[in-house]
Amino acid sequence: MKNCKKIALLLALSAVFSLGAKDIFVSLATGKNKNPGTADAPYKNLWKALSVAQVGDVIHVAEGNYPGRMKCGWFKMDKPVSIFGGYSSDFSKRDPLTYKTMFQPKNEHNDKKSGALGLLHLEFDKSPMTAPKGFNIVIDGLIFDDGFASSYHAVKGKPAGLDTGMWLEGPAKNKADKFPSANRYSIYSATASRGEGNITISNCTFVNGSNYAVNLNWYKGNVAILNNVFCNNRMLAINVTCSNGSGTVDWECAYNTILFTWSRLNDLADMGFAIRNNTNCNANIHNNIIGLNVLTGYDNTKGNPKQKKTKLDNNIFFLNRESDVQMTMSPSVVKVRVDSFEDLEEVDGIESIEGNIDLKDPAVFKGRINAQYLNAFLSMKYSEKTKLDPGKCNALRSVLGLPLQGTITTKVDMYANRYPQSDALKLFGAVAGYGAQLPK
């Protein structure tokens, strides 16, 4: 009976792929790299599976924290294959929230450099003539957590109850850490990469990202980012661009929960967006929960608004620090809350903006959002002190009406402090019909 269930599960997951696709199995607990990579004799390491996989193959990955080759902390996909995580070690069961397939590197391995810019780095052939075509990539059931590779201040910006102080931009590092923060994307596809096919990212968790969580530079095809949790990432949670200057990319962003996206630096001055749409991209953004982001929920200011289209419908926005949406309305940038979205109906690039609401009952997140982190975020204070140079140069500038020079010291109560991964997983299924639902 056990083997029958295993076979049925694997057949169901493989049905969406071409008949020529091969299933490859990886189990950190029970596998060996000398094995053939079958369910009964899996490989031990994901990097091994990626090195032997061919276009269209499906890699099934059991629970465990996968460190990369020689514990480098990253993986490079140079052929379009699919990765499904969340299996028990014997592949008899699959539940991404119980059997956690993790990319959670350590700070002590940040010295292992390469051309990889993400924990999972996608880069195909650079020539459109030889690049792969007609593929369907699925990345499903993985947990990306860069929180133990980053460096955090020991005491500065450390509210009560939090595990760390504020995140440190390199080259600074906590004395307890061996290396500065890695400052990398969680999933990244290279701008120079060429390929014509589709990609779906689903049922994944992105927590404590030291740079954009998903940064897809897509040449040709469709992109779908569905039913994921994004919690405590820097600058941007989801960014999709079109790297084909003469084409467009259609992409869907639906049923994601996106919370606590931080600014670029601890001055809280720029970035801190949940979702951004870019030139030559057509976005269908719906049924997401978008809240508690440092700057704004949806950013439409990048690129030419007349060369992109956005449908922004049926999302929940709440407590984004500066605005729920910001976009270009020539000659300025406007920042708007959800209750004024009707004013944006005829703005360049906005095809639809209907059914968006503010969160009516914050109690739905009780026991799901880390209460101490939330309290610190809502109570966060920012201060700035300017000290002018009293010397002769400033005296002359003053006489001539020129700007004075000096130093500015900023102080903030917290900044991208590490968020407990276990609490990020609790965000699945918080609100029926909106945000990430429990993976099926």
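Scoring rules and cut-offs
Numbering of residues begins from 1 in every chain and follows the order in which that chain's sequence is written. Two thresholds apply to this predicted model, a pLDDT of at least 70 for residue-level local features and 80 or more for giving and counting side-chain atom pairs, whereas whole-chain, interface and lining totals are computed over all residues. Side-chain numbers here rest on the full set of heavy atoms in the structure, without hydrogens or water. Nonpolar core, defined: a set of buried Ala, Val, Leu, Ile, Met, Phe, Trp, Tyr and Cys residues in which side-chain atoms within 4.5 Å join the residues together. When a residue's accessible area, from a 1.4 Å probe over protein chains only, is under 20% of the maximum for its type it is buried; when over 50% it is exposed; and in between it is partly exposed. Note on contacts: a residue pair qualifies if any of its non-hydrogen atoms lie within 4.5 Å across the two residues. Values of pLDDT, ranging from 0 to 100, describe the predictor's confidence in every residue of the model. Here a patch means residues that are over 30% exposed by relative accessible area and free of salt bridges, tied together within 9 Å if like-charged and within 5 Å if nonpolar (Val, Leu, Ile, Met, Phe, Trp, Tyr). All accessible-area figures derive from a Shrake-Rupley calculation using a 1.4 Å probe, and residue coverage is judged against the displayed protein chains alone. A side-chain nitrogen of Lys or Arg and a carboxyl oxygen of Asp or Glu constitute a salt bridge if their distance falls within 4 Å. We treat Lys and Arg as the positive residues and Asp and Glu as the negative residues; His and chain ends play no part in the count. Think of each charge as sitting on NZ of Lys, CZ of Arg, CG of Asp or CD of Glu. In this text, helices come from DSSP runs of H or I with a minimum length of four residues, and strands from runs of E with a minimum of two, each type numbered from the N-terminal end. Any two strands with at least two DSSP-identified bridges between them are counted as paired. Fitting a line to C-alpha atoms yields each axis, with helices limited to the stretch in contact; the angle taken between N-to-C directions then spans 0 to 180 degrees. Working definition: rings of Phe, Tyr and Trp (its six-membered ring) pair if their centres are within 6.5 Å, and the pair is stacked with planes under 30 degrees apart, edge-to-face with planes over 60 apart, and tilted otherwise. Here, a charge over a ring is recorded when the distance from Lys NZ or Arg CZ to the ring centre is within 6 Å and its angle to the ring normal is within 35 degrees.

**Q** Is there a simple way to explain the nonpolar core in this structure?
**A** A general tendency of soluble globular proteins is for nonpolar side chains to be buried together. The biggest cluster of nonpolar side chains holds 70 residues, and the ones touching the most others in it are Ile 59, Trp 251 and Ile 275. In this structure, Ile 275 is in contact with Leu 236, Ile 238, Trp 251, Cys 253, Ile 258, Ile 285, Ile 290, Gly 297, Tyr 298 and Asp 299, ignoring residues within four places of it in sequence. Core analysis: the next-biggest nonpolar cluster, separate from the first, contains 37 residues, Val 229, Ile 289, Ile 316 and Ala 424 among them.

**Q** How should I be thinking about the confidence of the model for the protein chain in this particular structure?
**A** Low pLDDT marks regions whose predicted coordinates should not be analysed in detail. Taken as a whole, the protein chain shows an average pLDDT of 90; of its residues, 89% reach a score of 70 or greater. In the model, residues 1-18 has pLDDT below 50 throughout and makes 27 contacts with residues more than four positions away in sequence or in other chains.

**Q** Honestly, a negative patch on the surface in this entry has me stumped. Any pointers?
**A** A contiguous patch of negative charge, built from Glu 342, Asp 343, Glu 345, Glu 346 and Glu 354, is present on the exposed surface. Among the secondary structure elements, Glu 342 is positioned in the loop between strand 26 (332-336) and strand 27 (350-352).

**Q** I'm lost on the pairing of strand 16 (residues 236-242) in this one. Help?
**A** Two faces make up the sheet, and in a regular strand the side chains alternate between them. The buried fraction of strand 16 is high, at seven of seven residues. Here strand 13 (residues 214-218) pairs with strand 16 via five bridges, running parallel. Residue pairing for strand 16: Asn 215 is matched across the bridge by Asn 239. Where strand 16 lies against strand 19 (residues 273-277), four bridges are found, and the strand directions are parallel. Following the sheet pairing, Ile 238 is matched in strand 19 by Ile 275.

**Q** Can you help me understand the sheet that holds strand 4 (residues 75-77) in this one?
**A** Note on sheets: strands pair through backbone hydrogen bonds, and any given pair is parallel or antiparallel. Spatial strand order, 4-7-10-13-16-19-22-25-26: nine strands in an open sheet with mixed pairing. Each having just a single partner strand, strand 4 and strand 26 make up the two edges of the open sheet. Across the sheet, the mean angle from the axis of one strand to that of its neighbour is 10°, orientation sign disregarded. Pairing of strand 10 (residues 185-189) with strand 13 involves three bridges; the strand directions are parallel. Bridge assignment links Ser 189 to a residue of strand 13, and that residue is Leu 216.

**Q** I'm lost on the packing of aromatic side chains in this one. Help?
**A** The geometry of an aromatic ring pair is captured by two quantities: the separation of the ring centres and the angle between the planes. As enumerated under the stated definition, the model contains 19 aromatic pairs in all. Taken together, a centroid distance of 5.1 Å and an interplanar angle of 85° make the contact between Phe 103 and Phe 144 edge-to-face. Of this pair, Phe 103 sits in strand 6 (residues 101-103) while Phe 144 is found in strand 9 (residues 143-145), placing the two residues 41 residues apart along the sequence. Both residues of the pair, Phe 103 and Phe 144, belong to the buried class. Grouped by ring-pair contacts, the aromatic residues Trp 167, Phe 260, Trp 262, Tyr 373, Phe 377, Tyr 415 and Tyr 419 constitute a single cluster. Note that Arg 94 overlies the ring of Tyr 87, its terminal NZ or CZ placed 5.5 Å from the centroid. When the ring centre of Phe 148 is taken as origin, the NZ or CZ atom of Arg 418, which lies over that ring, is 4.1 Å away.

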